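# Overview (structure and organization)
One letter stands for each residue in the lines below.
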Amino acid sequence: MTHRSTWLMFAFLASIPTQAPAAETAPAADTVRYDGSTHIFTLSTPQVTYAFGVNERGELQSLYWGGHLNSDDPLPTAKSDTGSASFDPSTGSTPQEYPAWGSALYTEPALKVSFPDGNRDLVLHYLSHTINGSHVAVLLKDISRDVRVELRYDIDPDSGILARSAHIENHTSKPLSVQQAAAATWNLPAGNDYMLHSLSGRWAAEWHLDQRPVLPGQTVLESRRGSTSHQNNPWFALTPAGTGEDSGPVWFGALAWSGSWRITVEPDLRRRIRVTGGYNPFDFSYRLAPGESLDTPVFFAGYTPGGLGEASRLLHRFELTHVLPQAPQPRARPVLYNSWEATEFNVNEAGQMKLADMAARIGVERFVMDDGWFGARDNDHAGLGDWVVNPRKFPHGLQPLIAKVHDLGMDFGLWVEPEMVNPDSALYRKHPDWVLSFPGRPRTEGRNQLVLNLARQDVRDHLFHVLDDLLTQNDIAFLKWDYNRNWTEPGWSEQKPEDQQRVYVAYVHSLYWILQHLRERHPKLEIESCSGGGGRVDLGIMRLTDEVWTSDNTDPFDRLSIQDGFTYAYTPGVMMAWVTDSPNWVNQRSTSLEYRFLSSMQGSLGIGADLTRWSDQDFQTAKRLVTDYKSIRMTVQQGLLYRLISPRDGSPYSATQSVSSDGAQTVLFAFLHSSSMLYPYPRIHLKGLDPQARYRLRVLAGKPDENTPKEASGAYWMSDGIQLMLKGDFQAAAVVLDRT
Ligand code: DGJ
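Described below are features of the structure shown in this document. (Residues numbered from 1 in each chain as written. Predicted model: local features only at pLDDT ≥ 70, side-chain atom pairs only at ≥ 80, totals over all residues. Heavy atoms only, no water.)

### Describing the packing of helix α10 (residues 556-569) against helix α11 (residues 593-600)
Running from N to C, α10 and α11 point in directions that differ by 15 degrees, and their axes come no closer than 9 Å. Relative to α11, α10 is oriented roughly parallel. When the axes of α10 and α11 are compared, the crossing they make is left-handed. Facing P556, F557, R559, L560 and Q563 of α10, the residues of α11 in contact are Y595, R596 and S599. (Axes fitted to C-alpha atoms, helices over the stretch in contact; angles between N-to-C directions. Helix = DSSP H or I, 4+ residues; strand = E, 2+ residues; numbered from the N terminus. Parallel < 35°, antiparallel > 145°, perpendicular 65-115°, else oblique. Left-handed = near helix turned anticlockwise from the far one by under 90°. Contact = heavy atoms within 4.5 Å.)

### A short note on the site of the ligand
Surrounding the ligand, one finds 14 residues, the nearest of these being D370, D371, K480, D482 and D552. Taking D371, its side chain carries an N or O atom lying 2.6 Å from an oxygen atom of the ligand. Interatomic distance of 2.9 Å between a side-chain N/O atom of R447 and an oxygen atom of the ligand. Isolated, the ligand exposes 290 Å² of accessible area, and the fraction of that covered by the protein chains is 98%. The class makeup of the residues in the shell around the ligand is five nonpolar, three polar and six charged. (Near = heavy atom within 4 Å. Polar contact = N/O pair within 3.5 Å; in protein donor to acceptor, adjacent residues only side chain to side chain. Areas by Shrake-Rupley, 256 points an atom, 1.4 Å probe, with all protein chains shown as cover. Nonpolar A, V, L, I, M, F, W, Y, C, P; charged D, E, K, R; others polar.)

### Things to note about the side chain of D371
By secondary structure assignment, the location of D371 is in the loop between β22 (366-369) and α6 (399-407). A distance of 2.9 Å separates a polar atom in the side chain of D371 from a polar atom in the side chain of R377. When near neighbours in sequence (up to four residues on either side) are disregarded, D371 contacts W340, E344, F345, V347, R377, W415 and R447.

### Description of the nonpolar core
With 154 residues, the main nonpolar core has L111 and F597 as its most contacted residues. No other element matches the eleven residues that helix α9 (residues 503-521) contributes to this core. If sequence neighbours within four positions are ignored, F597 has contacts with V579, L605, I607, W614, A622, L625 and V626. Listed in part, the 32 residues of the second largest apolar core include W207, L320, V323 and V537. (Core = buried A, V, L, I, M, F, W, Y, C linked by side-chain atoms within 4.5 Å. Buried < 20%, exposed > 50% of the residue type's maximum accessible area, 1.4 Å probe, protein only.)

### Observations regarding the packing of helix α5 (residues 349-361) against α6
Any two packed helices are characterised by how steeply their axes cross, that is the angle between the axes, and by the distance between the axes. As a packed pair, α5 and α6 sit with axes 10 Å apart at the nearest point and diverge in direction by 10 degrees. In terms of their interaxial angle, α5 and α6 are classed as roughly parallel. Contacts between α5 and α6 involve E349, Q352, M353, A356 and D357 from the former and P400, L401, K404 and V405 from the latter. Counted by class, the contact of α5 with α6 contains five nonpolar, one polar and three charged residues.

### Description of the sheet that holds strand β31 (residues 640-645)
Taken in spatial order, the six strands line up as β31-β32-β33-β36-β34-β35 in an open sheet, and their pairing is antiparallel. With partners counted over all chains shown, the strands left at the sheet margins are β31 and β35 (711-713), one partner each. Sheet twist, expressed as the average angle between the axes of neighbouring strands with direction ignored, equals 25 degrees. With six bridges joining them, strand β34 (residues 694-701) and strand β36 (residues 729-739) adopt antiparallel strand pairing. (Pairing = 2+ DSSP bridges.)

### A few points about the sheet that holds strand β1 (residues 32-35)
One open sheet accounts for four strands, arranged β1-β2-β3-β4; its pairing is antiparallel. The open sheet terminates on both sides in strands that have one partner only, identified here as β1 and β4 (60-67). Averaged over all pairs of adjacent strands, the angle between their axes in this sheet comes to 15 degrees, without regard to strand direction. When β1 meets strand β2 (residues 40-44), the two strands line up antiparallel, connected through four bridges. Looking at β2, one finds that Y34 is bridged to F41.

### Focus: the pattern of salt bridges
Any two side chains of opposite charge can pair, on the condition that their charged atoms come close. Under the counting rule described, the total for this entry stands at 46 salt bridges. A salt bridge links E419 to R536, with the shortest nitrogen-to-oxygen separation between them at 2.6 Å. Remark: R536 occurs in the loop between β27 (526-529) and β28 (547-549) and E419 occurs in the loop between β23 (411-416) and β24 (420-421); sequence separation between them is 117 residues. Each member of the pair, E419 as well as R536, is classed as buried. For E711, the salt bridge goes to R694, with nearest N and O atoms at 3.2 Å. Taken as a pair, E711 in strand β35 and R694 in strand β34 lie far apart in primary sequence, 17 residues in all. (Salt bridge = Lys/Arg side-chain N within 4 Å of Asp/Glu carboxyl O.)

Written out as structure tokens, the structure reads:
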């Protein structure tokens, strides 16, 4: 899929304008083929082949998804499954690309509708198709009623990652209700030893990698919370027994949607795995009047024989080159300072200027003022919704602070939480009807705030104008866009009852619309997606934001496993990581400044400490490590990541290595939780180097064994490796190898 065609996929969300592509490459001539004699479609790249066909009944049947097949290799024929006894008729046991609930379907439907006459049976058969470059659109239609579904496919020639979505149209003369709509069903080969890998968590404890066998029955990954959530992230990987970090087949996918979502994983009666994902059907209903249509989000998925590490690297590259707003060449993340942990709500002009002075001394490039600058925001009980500068804290507005930050050579960023309102605010007093709620029912608060109903056009337009004014009147390079609670009572009482549940779709489209339009009006603006930490990270929001806040948990040791989990799905290039104070507020754990830096330098570096408490020595250490970080950040942020030793499951060690995309540099980070019994730190064998090339060692922190050569071949560093002399508790080392 070219950069442009990725954008076309996103453009299928009709209300979202597309952004002009930055570059385009022609897809390989044989990327997509249709064989008219066998009715088989193949999407192929040098690594991957994906095939489906029209069977004798007219169903669109999945045929193959795995390593590349040559065009003259035989594919399975598109022939329906025989079914099993009287209990499992053939329609349900045939692996369909997009099974609607009708006929004999007992597994998860991709689509379920209800007609006004009580009929709920929908059976989709092939009608026609179009092929355009790497893009395939297959039109399906119900066997008797004029309900049509266009399935959209695209394949990225570089990674073999597929993009799928569905466009559902009502051509009947009466309204119908869509009760369930997935972007895609992915069918995997049969197997009885699959493991499912997924990411779960909660506030300040996101990105836990869960691994469990796929057993009969459904495994449901979902958010019912109105947004992506900390609880589960819309990413999965499936592996047969024997697959590990470095080798073995992996099927993986990520849903590009920032609202309630669901991914269902289940084996069918032949032990083929079906993965169905899209809008969460819980409390879902979307009425389609005659002539109306509904677009699903895009579900991306890929295959690699190269293990979980390679699956992550493919996703990272895909995100950098196809998803992020600055794709295909996002600029390096600037080193930022953020005031939150230093001041909380207690911000004012003098205090922020002092912090800015200190941040500039250590090489910070972006100064971000967090919560507390607006309205009556002295704590989290008041002010959200009133995006006017607090005159007591900033008597001359934001201009003097911004000018000072610029004079210090940094750009300026600001925290906002536009989707929320405190009941104690001017906005809520004026528009109490603007929040998600059911009339006459309690309005459950979270952090003393309610959720504005962005699905309403007046709310959407108000937020856009407030933010547009803020950005027009002030030279703001960056918004940290926060979102600190989940939905409750998701009512939209201005709509007819049968249309109120559209809120699940319309809200997210409005959010995307605001972000897109702000970016268009302010082309230099960069945005961070934050939701009380990592509660809104997905490929949908990443299309419109340049980085994400990984977690409110800034304990550098907890962060090792949080960051490890994050990288299964998302690139370190967006993974913000701050150096904060010790002991850290999360665990009261004390660690050295160097250890804290090295933990944060595994991602996109920020500083969030109270600099007024730092010693001269701290400033010197920080300045040195910020300078070092700048010399390796493109490698860390946009290189190939190798998770050498996982910090999971109580491991006393962990290590990551990044190789720059041109292969000229590699960076190794190694951490020791606690040494015991005189055991040495494990010898580290590097990966992904050119065996013939020579690499010179540069030590950023820690100590290699005294026999370590200053320079050696890639073969040496990979085969003989490097011995780091780490001993004690919470120790860390970082070394760089530069190609000579
Ligand atoms: C939650 C964010 O995750 C924090 O970093 C901080 O911005 C606070 N909100 C501010 O209220």
